[in-house]
Amino acid sequence: MNTSFLAADNLTDEYADLQKMVRDFSQKVVAPVSAEHDKNHTFPYEVVKGMAEMGLFGLPFPEEYGGMDGDYFALCLALEELAKVDQSVAITLEAGVGLGAMPIFRFGNEEQKTEWLPQLASGEALGGFGLTEAGAGSDASGTKTTAREDGDEWVINGSKQFITNSGTDITKLVTVTAVTGESQTSDGRTKKEISTIIVPTSTPGFTAEPAYDKVGWNASDTHPLSFDDVRVPKANLLGERGRGYANFLRILDEGRIAIAALAVGAAQGCVDESVKYAKERQAFGQNIGAHQAIQFKIARMEARAHAARSAYYNAAALMLAGKPFKKAASVAKMVASEAAMDNARDATQVHGGYGFMNEYTVSRHYRDSKILEIGEGTTEVQLMLIARELGL
Amino acid sequence: MNIVVCVKHVPDAQGERGFSDDNTTDRENVDGLLSELDEYAVEAALKITEAEGGEVTALTVGPADAVDAVKKALQMGADKAVHVSDDAIAGSDALATSLILAEAIKKVGQPDIVLFGLASTDGGMSVVPAMVAERLGLPQVTQVSTLEVADGNVTGRRDSDVASETLVASIPAVVSVTDQINEPRYPSFKGIMAAKKKPVEEMSLGDLGVDAGQVGLDNASTKVLDTTKRPPREQGEVITDEGDGGKKLVEFLAGQKLI
Ligand SMILES: Cc1cc2nc3c(=O)[nH]c(=O)nc-3n(C[C@H](O)[C@H](O)[C@H](O)COP(=O)(O)OP(=O)(O)OC[C@H]3O[C@@H](n4cnc5c(N)ncnc54)[C@H](O)[C@@H]3O)c2cc1C
Ligand SMILES: Cc1cc2nc3c(=O)[nH]c(=O)nc-3n(C[C@H](O)[C@H](O)[C@H](O)COP(=O)(O)OP(=O)(O)OC[C@H]3O[C@@H](n4cnc5c(N)ncnc54)[C@H](O)[C@@H]3O)c2cc1C
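Residues numbered from 1 in each chain as written. Chains lettered and ligands numbered in written order. Predicted model: local features only at pLDDT ≥ 70, side-chain atom pairs only at ≥ 80, totals over all residues. Heavy atoms only, no water.

Comments concerning the packing of aromatic side chains
All names here are of chain A.
Link 1 in the chain: Counted according to the given criterion, the structure contains 12 aromatic pairs over all chains.
Link 2 in the chain: Measuring from centroid to centroid gives 6.3 Å for Tyr-65 and Phe-105, while their planes differ by 70°, and the two rings are edge-to-face. Highlighted residues: Tyr-65 in the loop between helix H2 (45-53) and helix H3 (72-85) and Phe-105 in helix H4 (residues 87-107), separated in sequence by 40 residues.
Link 3 in the chain: On the basis of an interplanar angle of 70° and a centroid distance of 4.9 Å, the ring pair of Tyr-312 and Tyr-313 is categorised as edge-to-face.
Link 4 in the chain: Residue class for Tyr-313 comes out buried when judged on its relative accessible area of 4%. (Phe/Tyr/Trp six-rings, centres within 6.5 Å; stacked < 30°, edge-to-face > 60°. Helix = DSSP H or I, 4+ residues; strand = E, 2+ residues; numbered from the N terminus. Buried < 20%, exposed > 50% of the residue type's maximum accessible area, 1.4 Å probe, protein only.)

Here it is as structure tokens:
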């Protein structure tokens, strides 16, 4: 019988070694600067440089494009380890790989791949993916940004909202969805034709507006973008014209597994911090961990993290085996983001007043975790997708 | 420029380190890893061969698990590895360890430089490099925070409290480096995958022509009779400033003979 399916405590050598290495990096390099970047809302360039040197941005890409010849599961393991201590750092990697580089790898032609992937896979440059607009989030058909043909160029006008990694000093491109025309459906309605276009951030007319003041993910870079007669070559069309929306859905499907991994890291980070604290903190003459109420709270947290991890391992295994994984990815994203949110709340409770102090890791998880239930498809969107997969 | 870098497998300092019944280091109950101070030696070796060409061989003496130490060195970029393991080695002291290392280095073929860390993070005696140099009859440049290779020489700076010395030795030489010398790299995933294909040669005492009667716990030149756990750190003295804080601080420091 073949029992070599992925299991958390039975990882093969290279996965286990990668996990160990990123865990070590997270503790020694990331954790010491997390509170400071969170407090000052600064982008952790030095940490990103370290991750780049370890090849984390190239994990799922082949060597010919400057990648590490690993796979998507390797990326997930790295995200989980980073997110235990710092979700901002983890989302920077997740968005850099999943939203910045992956669309180009999946849908780019040879020129686009050779031009952009080596820079992105080495972590020298970051890319963003701009879909969300003021009137288009869960429902992308509300997209208003347009790209009009003019000779050899696209002329882009409009604005985007909440775009990760779009305004750092090393951001080189944002791939945007834009309306490139209209088509008639069989029942006579007009339907927007949405395409994806690569916009180098140095293009005149492209502006990353001042960063948002967010509840969490303070060290992650998020901006509104505006496009004012932005002219890029026709050759910057990514994938087929009119397939922008469909392409982007594929990217989101796999992205959900990565977000689930990140959320599991957050959930586990909350468990780890709570276990440590419960063994140290005294109340009523004993460690608070000796009180059954605290034990049960932490045991439940562990169960949530464990179950969510199993869910993302399963989705990743399906994806790597080339099997349908849409439902598994949505389930993983939903249960993992809820586990993170629930664990962050409970971990804060275990830490008492200290848990409400911003410099504590659990307080950061408390502020950071909420977005996990919103970004890359809200919980409601996951439920819609799961229901659809069930034929409802 | 061929380099042998000696790396020790030690219990993780993050774990609950302790001793076994025979007063030797407990290596069973705590996960082991490449002694962190030896990462600097590996990095120094890689920097030299990256600039000058040549091969880096990672060498460790230790039980079966110790192969993890050379594996880490291979992941960082070393080219090949040697793991000396033999039941008779258990409990060896620094003299015996240096003998085995020296014989293993001869067996590998005399390199241009033999690199060491400052000290192991468990035994921490900081004597093995000098002993190996003596056994190989090579000049030693130990505990340096800089290292240059040029014109057939190695040059390094050894910093102490009162002076900085610049040491020069002709190659071949033995060098040990401090944690000030560089910033050791993290292995990349490519490095992890590549390490799986790199050769690790296993050697026993027999292969080295070392007599079991020269090594091991029973032949150590000193004997550990007893060990006690370090007492928990006592709470520091708090001086409350009631207008005379400065004076009290000075009194405290003078009382400790610190000023
Ligand atoms: C920090 C951060 C980073 C982000 N990074 C990016 C990025 O890099 N690129 C990018 O394109 N976007 C990004 N986003 C945007 C994010 O993906 C969207 O916010 C998200 O998809 C939700 O869209 P919305 O905000 O428009 O909410 P809406 O779509 O307006 O949703 C509002 C509420 O209504 C619910 N809802 C909507 N439709 C239904 C329905 N049919 N049934 C039931 N409930 C429904 C939603 O679940 C939600 O609770 C980011 C957002 C944040 C906060
Ligand atoms: C009386 C006595 C009994 C001891 N009994 C035991 C025992 O039973 N079990 C036990 O584990 N230890 C024992 N030790 C400790 C043991 O002697 C030392 O761990 C060992 O000899 C190396 O010395 P060190 O760790 O102090 O190395 P240091 O001199 O501090 O190391 C300097 C450098 O030498 C290299 N190096 C050291 N050891 C190795 C190695 N094994 N392989 C490759 N490179 C190496 C590394 O580059 C290291 O950075 C005993 C020590 C004494 C004095």
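Further notes follow.
Side note on the site of ligand 1
All names here are of chain A.
Link 1 in the chain: Residues in contact with ligand 1 amount to 18 residues; listed here are only the nearest, Thr-132, Ser-138, Phe-162, Thr-378 and Glu-380.
Link 2 in the chain: Taking Leu-131, its main chain carries an N or O atom lying 2.9 Å from an oxygen atom of ligand 1.
Link 3 in the chain: For ligand 1, the protein covers 63% of the area, taking 970 Å² as the surface of the free molecule.
Link 4 in the chain: Secondary structure elements with two or more residues in the shell around ligand 1: strand E3 (153-164) and helix H10 (379-389). (Near = heavy atom within 4 Å. Polar contact = N/O pair within 3.5 Å; in protein donor to acceptor, adjacent residues only side chain to side chain. Areas by Shrake-Rupley, 256 points an atom, 1.4 Å probe, with all protein chains shown as cover.)

A short note on the UniProt feature "domain: Acyl-CoA oxidase/dehydrogenase middle" (unreviewed entry) in chain A
Link 1 in the chain: If you check UniProt for "domain: Acyl-CoA oxidase/dehydrogenase middle" (unreviewed entry), the listed places come out as residues 129-230 of chain A in our numbering.
Link 2 in the chain: Annotation note: span residues 129-230 of chain A, helix share 0%, strand share 55%, distance between end C-alpha atoms 16 Å. (UniProt positions renumbered as here; feature names shortened; annotations may be inferred.)

Thoughts on H4 of chain A
All names here are of chain A.
Link 1 in the chain: Compared with an ideal rise of 1.5 Å per residue, which puts 21 residues at 30 Å, H4 spans 28 Å between its outermost C-alpha atoms and is within 8% of the ideal.
Link 2 in the chain: Most pronounced at Ala-101, the bend in H4 amounts to some 45°, and the proline Pro-103 follows within four residues.
Link 3 in the chain: Burial of H4 is extensive: 19 of the 21 residues sit out of reach of the surface.
Link 4 in the chain: A distance of 2.9 Å separates the backbone nitrogen of Ser-88 from a side-chain oxygen at the start of H4, and that oxygen is part of Asp-86. (Expected span 1.5 Å × (residues − 1). Bend = angle between axes of the 7 residues up to and from the residue.)

Side note on the interface of chain A and chain B
Link 1 in the chain: Opposite the 17 residues of chain A that make contact, chain B presents 11 residues.
Link 2 in the chain: With both chains or domains summed, chain A and chain B bury close to 1300 Å², and 63% of this area falls on carbon and sulfur atoms.
Link 3 in the chain: Area buried by chain A at its contact with chain B is led by Glu-14, Met-21 and Met-68 of chain A, which between them contribute 38% of it.
Link 4 in the chain: Counting across the interface, chain A meets chain B through four salt bridges.
Link 5 in the chain: Across the pair Lys-28 of chain A and Glu-36 of chain B runs a salt bridge whose closest N-O atoms are separated by 3.4 Å.
Link 6 in the chain: Applying the counting rule to chain A against chain B returns three residue pairs in polar contact (both at pLDDT 80 or more).
Link 7 in the chain: When residues in the side of chain A that touches chain B are grouped by element, the largest group, nine residues, is from helix H1 (residues 13-40) of chain A.
Link 8 in the chain: Partitioned by chemical class, the residues of the side of chain A that touches chain B number eight nonpolar, two polar and seven charged. (Contact = heavy atoms within 4.5 Å. Buried area = accessible area lost by both parts, 1.4 Å probe. Salt bridge = Lys/Arg side-chain N within 4 Å of Asp/Glu carboxyl O. Nonpolar A, V, L, I, M, F, W, Y, C, P; charged D, E, K, R; others polar.)

Notes on the domain arrangement of chain A
All names here are of chain A.
Link 1 in the chain: In terms of domains, chain A is made up of domain 1 (13-125), domain 2 (128-242) and domain 3 (246-390).
Link 2 in the chain: For domain 1 versus domain 3, the separation of C-alpha centres amounts to 20 Å.
Link 3 in the chain: Contacts between the two partners involve 26 residues from domain 1 and, on the opposite side, 32 residues from domain 3.
Link 4 in the chain: Where domain 1 abuts domain 3, roughly 2300 Å² becomes buried across the two surfaces, and 61% of that area is made up of carbon and sulfur atoms.
Link 5 in the chain: Per-residue buried area on domain 1 facing domain 3 is highest for Tyr-72, Glu-80 and Gln-87; these three make up 28% of the total on that side.
Link 6 in the chain: Where domain 1 meets domain 3, there are three salt bridges. (Domains from an automatic or database assignment.)

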